[in-house]
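# Working through the structure, step by step
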Amino acid sequence: AMPSATHYYLNYLGAQWFTHGMNLIRYIQVFKYVGFCNLWDEEDARKMSEPEDQDYYGMGSRSARFTINLMIVIVMGTMSPLMGMQGWVNFLVCRIIYGYLFVYAEGKKADSGGVFFVKQMQHVWLGAFFYTFLMIGLCLSRAPDNIPVYMTILAFIYVCYAYRKFETDYEWEHLPWAEMCLTDDGKELVRDDTGAKFVQKELLLDQK
C-alpha cells in the first residue's frame, strides 16, 4: 500500500501547480467584478470585489497549506525520491506567483508579528516527528536486523531534544531581559533606566 500512497502524493503535489495558477488569475475577484458591474459602476464594482476571502486566501490558510506541502516532501521524500523534485518545483512556482500577487495584485495584509511563521516552524517539527515514526516502522518491517531501528530511535530522541530547544531557547514575543539591560557598548548589565527608546521613523508625521 505504501508505493500507491507515495504516488498519490506525487500527483497531489503536481496538482498544486495548477491551483497556484488559478490563484494567479484571481478568478473569484473577476467573477465578482463582472457580476457587480451589471448593478453598479466599475469603480464601485472593483471595491466590492475586494478583498479576497481570507478563509482561503489569507496568510493563515496559505501558511497551513504550504506547510502541509513541505511536510509531504519531508515525510515521503525518502521512499519516493521524486518527491523532492516535485516539492522544489512547487515552491518555485509559489515564489514566482505569490511574489507577484502579494506586491502588485492583492490587498496588503496586516502584520501579525511573525505568528504564522512560528506556527509553520512548529508544524515542520511535527513533520520531523512523523518522519522518524515512519522510518522506525519501515526499519522494523524491512531491515534485516535491529541496528537501523536503534539508529532511528536515537534520531527520534534527538528530534525531541531539538524541538524542546527550539521552543525554549528562541524568544520572539518578548525581548530577553538581559539584552534590555545592556549598556550601549553591550559589555555591562545595568538595572537603571538608560532613557533609551525606540521610535519607528516611518510612523512619525512629516514636520516639514
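Nothing here was measured: the structure is a model prediction, and the numbers come from that model.

Geometrically, a pair of aromatic rings is defined through the distance of the ring centres and the angle of the planes. Counting across every chain of the model gives 15 aromatic pairs. For the ring pair Trp-125 and Tyr-163, a centre distance of 6.3 Å and an interplane angle of 65° mean the geometry is edge-to-face. Taken as a pair, Trp-125 in helix α7 (residues 115-142) and Tyr-163 in helix α8 (residues 147-169) lie far apart in primary sequence, 38 residues in all. By relative accessible area, Trp-125 is classed as partly exposed at 24%. For Tyr-163, a relative accessible area of 24% translates into the label partly exposed. Summarising the aromatic geometry, the rings of Trp-125 and Phe-166 are spaced 6.2 Å apart at their centres and angled 45° between planes, so their arrangement reads as tilted. Here the residue Trp-125 occupies a position in helix α7, and Phe-166 occupies one in helix α8, the gap between them amounting to 41 residues. An aromatic cluster is present here, built from Trp-125, Phe-129, Phe-133, Phe-156, Tyr-163, Phe-166 and Tyr-170 joined pairwise through their rings.

With their axes 9 Å apart at the nearest point, α7 and α8 run at an angle of 170° to one another. Classed by the angle they form, the pair α7 and α8 counts as roughly antiparallel. Judged by residue contacts, Met-121, Gln-122, Trp-125, Ala-128, Phe-129, Thr-132, Phe-133, Met-135, Ile-136, Cys-139 and Leu-140 of α7 engage Pro-148, Val-149, Thr-152, Ile-153, Ala-155, Phe-156, Val-159, Cys-160, Ala-162, Tyr-163, Phe-166 and Glu-167 from α8. Partitioned by chemical class, the residues of the contact of α7 with α8 number 19 nonpolar, three polar and one charged.

Once that is clear, we can look at the packing of helix α5 (residues 59-76) against α7. It is at 9 Å that the axes of α5 and α7 come closest, and there the two elements cross at 25°. Comparing the axis directions of α5 and α7 gives the class roughly parallel. Here α5 and α7 pass one another in a crossing that is right-handed. Note on element contacts: α7 touches α5 through Phe-116, Gln-120, His-123, Val-124, Leu-126, Gly-127, Phe-130, Tyr-131 and Leu-134, opposite Met-59, Gly-60, Ser-63, Thr-67, Leu-70, Met-71, Ile-74 and Val-75. Classifying every residue of the contact of α5 with α7 gives eleven nonpolar, six polar and no charged.

Together, Leu-24, Ile-25, Tyr-100, Phe-102, Val-103 and Tyr-104 line one region of the surface with nonpolar side chains, adding up to about 670 Å² of accessible area. Looking at the nonpolar patch, the elements that each hand over two or more residues are α1 (2-25) and α6 (82-105). As for its position among the elements, Val-103 is in helix α6.

Taking 1.5 Å of rise per residue, the 18 residues of α5 would be expected to cover 26 Å, and the 26 Å separating its terminal C-alpha atoms lies within 8% of that figure. Turning to α5, its buried residues number three or more, namely Ser-61, Arg-62, Ser-63, Phe-66, Thr-67, Asn-69, Met-71, Ile-72, Val-73, Val-75 and Met-76.

What follows covers the layout of surface pockets. Here the largest pocket is characterised by a volume of approximately 330 Å³. Around the largest pocket sit 15 residues that line it, and Met-59, Arg-62, Phe-66, Tyr-98 and Phe-102 are the ones nearest its centre. Residue assignment for the lining of the largest pocket shows that the elements contributing at least two residues are α5 and α6. Of the residues in the lining of the largest pocket, the class split is seven nonpolar, four polar and four charged.

We now examine empty space enclosed by the protein. Applying the stated criterion to the full structure yields one cavity of 30 Å³ or more. Taken as a whole, the largest cavity spans an internal volume of roughly 30 Å³. Asn-23, Arg-26, Gln-29, Glu-52, Tyr-57, Arg-62 and Glu-106 together form the lining of the largest cavity. Considering only residue class, the lining of the largest cavity consists of one nonpolar, two polar and four charged.

A cis amide bond links Glu-50 to the next residue, Pro-51, at an omega of -5°. Despite not being glycine, Arg-26 shows a phi value in the positive range, around 50°. Among the structural elements, Arg-26 can be located in the loop between α1 and α2 (27-37). A relative accessible area of 14% means that Arg-26 is categorised as buried.

What counts, and at which threshold
Residues numbered from 1 in each chain as written. Predicted model: local features only at pLDDT ≥ 70, side-chain atom pairs only at ≥ 80, totals over all residues. Heavy atoms only, no water. Phe/Tyr/Trp six-rings, centres within 6.5 Å; stacked < 30°, edge-to-face > 60°. Helix = DSSP H or I, 4+ residues; strand = E, 2+ residues; numbered from the N terminus. Buried < 20%, exposed > 50% of the residue type's maximum accessible area, 1.4 Å probe, protein only. Axes fitted to C-alpha atoms, helices over the stretch in contact; angles between N-to-C directions. Parallel < 35°, antiparallel > 145°, perpendicular 65-115°, else oblique. Contact = heavy atoms within 4.5 Å. Nonpolar A, V, L, I, M, F, W, Y, C, P; charged D, E, K, R; others polar. Left-handed = near helix turned anticlockwise from the far one by under 90°. Patch = residues over 30% accessible without salt bridge, like charges linked within 9 Å, V, L, I, M, F, W, Y side chains within 5 Å. Areas by Shrake-Rupley, 256 points an atom, 1.4 Å probe, with all protein chains shown as cover. Salt bridge = Lys/Arg side-chain N within 4 Å of Asp/Glu carboxyl O. Expected span 1.5 Å × (residues − 1). 1 Å grid on protein atoms, 1.4 Å probe; cavity = no way out; pocket = protein on both sides within 12 Å on 5 of 7 lines; lining within 4 Å. Points joined across faces, edges and corners; volume = space filled by probe spheres on them.

So, to be careful, I would describe these as geometric facts and stop short of saying anything about function.
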